Amino acid sequence: MALNINELYHVARKGDRDSENRLFKSLTESFRLFAQQRIWNDQDAEEIVQDTLVTVAEKYGNIQFEISFAAWAYRVLENKILNYYRGKHYQENRFTWASDVGGEWASNDSDPSLKRQLLDCLGKINRVHSRHARILNLRYQGYSAEEICEKLAISRNNLYILLCRARSMLKLCLEKGDIK
């Protein structure tokens with residue numbers, strides 16, 4: 001007799017390991033199909049499926065579902081997919097801007113007036129918000145996101161927000177000469 005996901009969940013909650021294995025096998029197959037229809041990159045889709053399964057495995061035993069375990073599990077998957085697209089969009093925008101400007105700055109034969117303007121802008125940013133200037137400086141020196149987070153005792157999310165604001169301030173300063 002084939003049980004649906006909600007029925008497998010109820011049997012697995014009672015301690016039946018075989019039902020739990022069947023539940024997660026069923027979820028894996030179902031999630032994989034669902035994710036592959038929404039995410040064209042197979043590796044990314046598989047990573048999201050695995051991440052979702054980990055989240056479901058961690059939380060499903062502690063939550064009492066009155067309506068549907070399957071609906072909750074699919075909602076977890078949908079949230080993971082939404083987070084994937086949000087992160088991908090943010091990364092694309094961040095790297096597009098960095099690659100547009102990075103080529104000009106990365107050159108060792110750069111213009112001395114540009115270096116002077118850059119230092120002047122970093123000084124202005126430092127006077128307004130020293131944390132922004134420090135993050136720009138650490139990033140320029142080649143520190144990874146994890147290292148910067150550790151040095152400044154901030155979360156990765158906070159780092160990206162501060163870095164985005166700092167880059168915007170720097171861009172504004174380079175274009176207009178002021179950060180206001």
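A brief report on the enclosed structure follows. Computed from a predicted model, the values in this text were never measured in an experiment. (Residues numbered from 1 in each chain as written. Predicted model: local features only at pLDDT ≥ 70, side-chain atom pairs only at ≥ 80, totals over all residues. Heavy atoms only, no water.)

Regarding the environment of Cys121
You can see Cys121 is positioned in helix H5 (residues 112–128). Separated by 52 residues in sequence, Cys121 and Cys173 place their C-alpha atoms 5.9 Å apart. Among residues more than four places away in sequence, those in contact with Cys121 are Leu170, Cys173 and Leu174. (Helix = DSSP H or I, 4+ residues; strand = E, 2+ residues; numbered from the N terminus. Contact = heavy atoms within 4.5 Å.)

Observations concerning the packing of helix H2 (residues 17–38) against helix H3 (residues 42–59)
A packed helix pair is summarised by two numbers, namely the angle formed by the two axes and the spacing between the axes. Contact geometry for H2 and H3: axes closest at 9 Å, N-to-C directions at 140°. Classified by the angle between their axes, H2 and H3 sit oblique to one another. Judged by the sense of rotation from one axis to the other, the crossing of H2 with H3 is right-handed. Across from Phe24, Leu27, Thr28, Phe31, Arg32, Ala35 and Gln36 in H2, the residues of H3 making contact are Asp42, Ala45, Glu46, Val49, Gln50, Thr52, Leu53, Val56 and Ala57. Of the residues belonging to the contact of H2 with H3, the class tally is nine nonpolar, four polar and three charged. (Axes fitted to C-alpha atoms, helices over the stretch in contact; angles between N-to-C directions. Parallel < 35°, antiparallel > 145°, perpendicular 65-115°, else oblique. Left-handed = near helix turned anticlockwise from the far one by under 90°. Nonpolar A, V, L, I, M, F, W, Y, C, P; charged D, E, K, R; others polar.)

Things to note about the side chain of Thr28
With respect to the element layout, Thr28 can be found in helix H2. Given a relative accessible area of 15%, Thr28 falls into the buried group. For Thr28, the contacting residues outside a window of four places in its chain are Val49 and Leu53. (Buried < 20%, exposed > 50% of the residue type's maximum accessible area, 1.4 Å probe, protein only.)

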